[in-house]
Amino acid sequence: MRLAPYSYDWIDNLGHRSPRQLKGLPEPQVGEAFTTAGGRKLGRIVSVDPGRQLTSTIMGAFMSYVLVPKEHDTTRLLLKVVMRTTRWAAPGLSVGDLIMARRQLLNLKKLAERRR
């Protein structure tokens, strides 16, 4: 997440392609930038438990990524997004985020499965 948004690059990353290989980065730290989009660092990490969860804030939203171990050496990645907004804007923001988050999680899944 710190390298790129991993959703639709033409929207979230100004056309720059998100890395397609895992990079050896140090563990994330509270206070660091959450992501990089179009060469700019964005957001801030507010909580991290390495290998378990990462919570960040970006554009007024809080995003928590949680890894849940499952049986047969599998893991599930959950994402929860919380944002204060008006009741009129909420449906549009929710649909837009659903589309972008789905693409992001599918891209992260591909990266994780390649590593096996």
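Placed above this text is the structure.
Not measured: the values here are computed from a predicted model. (Residues numbered from 1 in each chain as written. Predicted model: local features only at pLDDT ≥ 70, side-chain atom pairs only at ≥ 80, totals over all residues. Heavy atoms only, no water.)

A. Structural context of the pairing of strand E3 (residues 44–49). Where E3 lies against strand E4 (residues 53–58), five bridges are found, and the strand directions are antiparallel. Bridging from a neighbouring strand, Val 48 pairs with Leu 54 of E4. The loop that links E3 with its antiparallel partner E4 comprises three residues; one of these, Gly 51, has a positive phi angle of about 80°. (Pairing = 2+ DSSP bridges. Helix = DSSP H or I, 4+ residues; strand = E, 2+ residues; numbered from the N terminus.)

B. Up close: the nonpolar core. Membership of the largest hydrophobic core is limited to six residues, which are Phe 34, Ile 45, Leu 54, Ile 58, Met 63 and Tyr 65. Sorting the residues of this core by element identifies E4 and strand E5 (61–70) as the ones contributing at least two each. Each residue touching Ile 45, except ones within four places of it in the same chain, is listed here: Arg 2, Pro 28, Gln 29, Val 30, Gly 31, Glu 32, Ala 33, Phe 34, Leu 54, Thr 55 and Ser 56. (Core = buried A, V, L, I, M, F, W, Y, C linked by side-chain atoms within 4.5 Å. Buried < 20%, exposed > 50% of the residue type's maximum accessible area, 1.4 Å probe, protein only. Contact = heavy atoms within 4.5 Å.)

C. Region of interest: the environment of Val 46. On the secondary structure map, Val 46 appears in strand E3. Between the C-alpha atoms of Val 46 and Asp 73, which are 27 residues apart in sequence, the distance is 29 Å. The contact partners of Val 46, leaving out residues within four places of it in the chain, are Val 30, Thr 55, Ser 56, Thr 57 and Phe 62.

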